[in-house]
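What follows is the residue order along each chain.
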Amino acid sequence: MSWTRKVRTALLPLVALGALLLTAAPAAAHEERPVEFPDGTGSVPAYRDEEPDLLVCKPDRADFEARVADFPTALRERNLRLYERCRDRGYEHLQEAVDAADASGMTIAILPGVYLEEPSRPQPTGACARLKAPRSDFGYQILSYAQQERCPHNQNLVAIMGKRDLQIEGTGADRGDVVIDGQYRKLNVIRADSADGVYFRNFTAQRSTFNSLYVLAADGFVIDDVLTRWNDEYGFLTFASDHGLYRDCESYGNGDSGIYPGSASDINDGRGYDVPRYAIEITGCRSHHNMVGYSGTAGDSVWVHDNEFDHNMGGASMDSAFPGHPGLPQNHAKFERNLIHDNNQNYYPYVADGTCAKPPAERGYEQGVVCPQISMPPGTGIITAGGNWNIYQDNWIYGHQRTAFYLNAVPAFIRGEGSPGKQLDTSHHNRYAGNHLGVDRAGNERPNKTDVWWDGQGEGNCWQGDAGASNPRTLPECGSRPGDVSGGSDRIVGEPVKLAQLLVCAEYDVQARKLPAGCDWYGARGIERIEVQIALAVAVVLGLVGGVLWWRLLRRDAVAGGAAVAGAAGLVLDVVGAAGSYAHTWVPVVALVLTGAWWTATGLRLRARLAGGRPGFTGVTMAMGVLTLLDAFDKSVLLIPWIPLSPAWLRTLLGLVWVIWTVIAVARRVPAPDPAAGPAVEEAAEEAGGPGSERAKEPAAHPHAAPETGPAAGNATGPAADPEPGRPAAGPGPRPGTAGPAPEAGLA
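Residues numbered from 1 in each chain as written. Predicted model: local features only at pLDDT ≥ 70, side-chain atom pairs only at ≥ 80, totals over all residues. Heavy atoms only, no water.

Quick look at the state of the cysteines now. By the definition in use, this model includes six disulfides. Residue Cys462 pairs covalently with Cys478 via a disulfide, S to S 2.1 Å. Across the S-S bond of Cys462 and Cys478 the torsion is about 100°, and the bridge reads as right-handed. Separated by 16 residues along the polypeptide, Cys462 in strand β33 (residues 462-463) and Cys478 in strand β35 (residues 477-478) bring together distant segments of the chain. Take Cys462 and Cys478: they sit in the same class, and that class is buried. (Disulfide = S-S within 2.5 Å. Helix = DSSP H or I, 4+ residues; strand = E, 2+ residues; numbered from the N terminus. Buried < 20%, exposed > 50% of the residue type's maximum accessible area, 1.4 Å probe, protein only.)

Before going further, it helps to spend a moment on the packing of helix α11 (residues 615-636) against helix α12 (residues 647-667). Packing of α11 against α12 brings their axes to within 9 Å, and their N-to-C directions diverge by 155°. With respect to α12, the element α11 is oriented roughly antiparallel. Crossing of α11 against α12: the hand is left-handed. Within the contact between the two elements, α11 uses Gly616, Phe617, Val620, Thr621, Ala623, Met624, Leu627, Thr628, Leu630, Asp631, Asp634 and Lys635 and α12 uses Pro647, Ala648, Leu650, Arg651, Leu654, Gly655, Trp658, Trp661 and Thr662. (Axes fitted to C-alpha atoms, helices over the stretch in contact; angles between N-to-C directions. Parallel < 35°, antiparallel > 145°, perpendicular 65-115°, else oblique. Left-handed = near helix turned anticlockwise from the far one by under 90°. Contact = heavy atoms within 4.5 Å.)

Pairing in this open sheet of 11 strands is parallel, and the strands run β4-β7-β9-β11-β14-β17-β20-β24-β28-β31-β34 from one edge to the other. Edge strands, defined here as strands with exactly one partner in the open sheet, are β4 (156-161) and β34 (470-471). Pairing of β4 with strand β7 (residues 188-193), which is carried by five bridges, proceeds in the parallel orientation. Bridge pairing links Met161 to Asp193 in β7. Helix α7 (residues 496-505) contacts β28 (403-408), β31 (450-454) and β34 of the sheet and is inclined by roughly 90° relative to β31. (Pairing = 2+ DSSP bridges.)

Okay, unusual backbone geometry next. Pro329 follows Leu328 through a cis peptide bond whose omega is 0°. Note the cis peptide between Asn471 and Pro472, where omega equals 15°. Tracing the sequence through the fold places Pro472 in the loop between β34 and β35. Positive phi outside glycine occurs at Ala240, with the angle close to 50°. The residue Ala240 is located in the loop between β11 (234-239) and β12 (242-247) in this model. With a phi close to 55°, His311 is a non-glycine residue in the positive phi region. Counting through the fold element by element, His311 comes out in the loop between β19 (308-310) and β20 (314-319).

For the rest of this paragraph, the subject is the pairing of β7. Of all six residues in β7, six are buried; the element is thus mostly enclosed. Pairing of β7 with strand β9 (residues 211-216) involves five bridges; the strand directions are parallel. In the sheet register, Ile190 faces β9, and the bridge partner there is Leu213.

Counting 73 residues, the largest nonpolar core has Ile160, Ile168, Phe200, Tyr246, Tyr294, Phe335 and Phe405 as the members making the most contacts within it. Among the elements that make up this core, the one with the highest residue count is strand β8 (residues 198-206) (four residues). Here Ile168 is in contact with Leu94, Val98, Ile108, Ile110, Ile160, Tyr199, Phe200, Arg201 and Phe203, once residues within four sequence places are set aside. Listed in part, the 33 residues of the second largest apolar core include Val351, Met376, Tyr508 and Trp521. (Core = buried A, V, L, I, M, F, W, Y, C linked by side-chain atoms within 4.5 Å.)

A few words on the packing of aromatic side chains. A full pass over the atoms with the stated rule returns 33 aromatic pairs. The interplanar angle of 55° and the centroid separation of 6.3 Å between the aromatic rings of Trp521 and Tyr522 together place this pair among those described as tilted. For the pair Trp521 and Tyr522, a shared accessibility class is recorded, and that class is buried. Taken together, Tyr294, Phe309, Phe335, Tyr392, Phe405, Tyr432, Trp454 and Trp463 form an aromatic cluster joined through their ring pairs. For the cation-ring pair, Arg201 lies above Tyr47, with the distance from its terminal atom to the ring centre recorded as 4.5 Å. (Phe/Tyr/Trp six-rings, centres within 6.5 Å; stacked < 30°, edge-to-face > 60°. Lys NZ or Arg CZ within 6 Å of the ring centre and 35° of its normal.)

Our next topic: a nonpolar patch on the surface. A contiguous nonpolar surface patch, about 360 Å² in accessible area, is contributed by Ile527, Leu536, Val540 and Leu544. In this fold, Leu536 is placed in helix α8 (residues 530-554). Take Leu536: its relative accessible area is 35%, and that puts it in the partly exposed class. (Patch = residues over 30% accessible without salt bridge, like charges linked within 9 Å, V, L, I, M, F, W, Y side chains within 5 Å. Areas by Shrake-Rupley, 256 points an atom, 1.4 Å probe, with all protein chains shown as cover. Salt bridge = Lys/Arg side-chain N within 4 Å of Asp/Glu carboxyl O.)

On the secondary structure map, Asp466 appears in the loop between β33 and β34. On the basis of relative accessibility, which here comes to 59%, the residue Asp466 falls in the exposed class. With 30 residues separating them along the chain, Asp466 and His436 place their C-alpha atoms 9.5 Å apart. Polar contacts involving the side chain of Asp466 include one to the side chain of Gln464, which spans 2.9 Å. (Polar contact = N/O pair within 3.5 Å; in protein donor to acceptor, adjacent residues only side chain to side chain.)

Counted under the stated rule, the structure contains 37 salt bridges. Residues Glu84 and Arg61 are paired through a salt bridge, measuring 2.6 Å at the closest nitrogen-oxygen approach. Residue Glu84 is found in helix α3 (residues 73-89), and its partner Arg61 is found in helix α2 (residues 61-68); the two are separated by 23 residues along the sequence. You can call Arg61 partly exposed: its relative accessible area is 35%. Among the ionic pairs, Asp88 bridges to Arg89, the shortest N-O distance being 3.3 Å. Considered together, Asp88 and Arg89 belong to a single accessibility category, that of exposed residues. Overlapping salt bridges bring together Glu32, Arg33, Arg191 and Asp193 as one network.

Encoded structure:
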């Protein structure tokens, strides 16, 4: 085992303990019964272009004929023919047709109209109203499969339980001609539970208190040309499934994401970049005006290509931040050829003003209101919060007011795993290469404010060499082949100030209307931001302590004075650099260089002026300077390899020691000089401010001592004259009848 691995292993318990003390685990965004992945023997179902087995239509003929009047002739005639058949032996409600599908491979056709599924809407009664089940943090019961099967409409407008190879499609000219409307009466509009091979096509599902279309534990499903909208949480939610395909879908107006392939089958766990297949494919879809366009807690082995994610708060995210999701930590998503742009919406004001505290039907989702369910940095293209082995390539990412790529680690205890060996298992081997940043497909410049924000943690992460502004300014660069990285690092924890920001921002709670005051995600500006507050507090402390140190010990030293001015400028620039508009510029780096120069010069001057050099204190002072300069190098030139913690952490920890040591040193009492002692001692006390200086150590003459005669008296600063035979030498020692020098007090 290498020495770096040994250090990492030794620090694991400390990292885990620190995380437990500093962070509260968030509530789960999606809570479900314990479920296992399918065995993977299924396949993606194929569309069956044949006459339907079962028909669903509404009884109002005039309304139906008006809806199909403008259809192309062949399609209109087909719908009229199907309507006649439906009125003869069809169903008025989709749930009735689902219940009648008693064989594998059946097709249900839904004719144009709005379906409210009235028989499914009433609240449960009898035994279904008395089910015993745990409750989620959002208040709904987490029912078992047996409970869902026995009471399918406790939570679902339409429940598809255990049906195999069922195809449900609308017969309209487009997906807006058939609408299944939950009207916020149920948790899910459509739930397909353990329904292998289910195929949904050409309709709209809308207005639930959680999901419009929910596919759970399926080995094989297709969502084809379906629209979902106006839901508290998700438009499309698929969970613990394999062999899935989203194609040509659309979703908007959702409080979490439009598209959520959570806990996709973890078929590539333990592999590198080369994988035999992906569990779920998403292509040709558009997700817009949601909290986030795409999200996936444990969104493993998902291939996302040729989609558009725009005008959300965030374009896409994947994470390992919520417990209860099989397949954590998240791994092996592949994003390519997607348009991810202009994700700058800010829906948090709807939480702040109480809109999101109203009943869902009164919030105004249809007028553009979105109630964000979890914390999300607005103005971001792709967020990876604790993912591994993800590939982002050949995407167009532009027009973001925060950053194109956002990467941070998530310790395992957040997802409910307390093993020390797992705490550092996220944020590794993510590859960002060959993307088109700050430019649209037509070649027009649409810059992102920054292209990269990274907390600094993880191994094997890399970015393309032509990335623009980034925080930090220097990044590991991807080689031509996956796995090739130059300038990489292996840090066990992110930058301290960035961690503080993430901890503050994660305190968001939509139900409690809690928007963390110190986080710019929710509107904090200037001194309100936690980063600026930390920088200002550090500047004030170091400015006061360093100023007193200079005044007491070094104020007559020209070099130390120049260094103090540089240090003051560095502290001011550090506060300025903490502001969002300067964090990615050279300002924070220049601040570190100036502050490091101040510490280094101060340590050298103290060593030169203090008797014996005081190696302890002066060594710590110079070490602070060296670490600060290394931090500047690490952030702007090259990430220093082989160290498990960044110089910022070492500087922070040693800085606490330096401040305490300095305060003790400069606060020690200075004995008042004897007025009769002569100007030498008065000058020493004035300059040094304490007995630790060179002059303070010169002995004071006894007030009643006889005046010196001879050369020594005439040349007080030169060598003493040779003593007469038998007479003691005139020197710094005490003469008969005089007191010796005061015991030295000063820097230990």
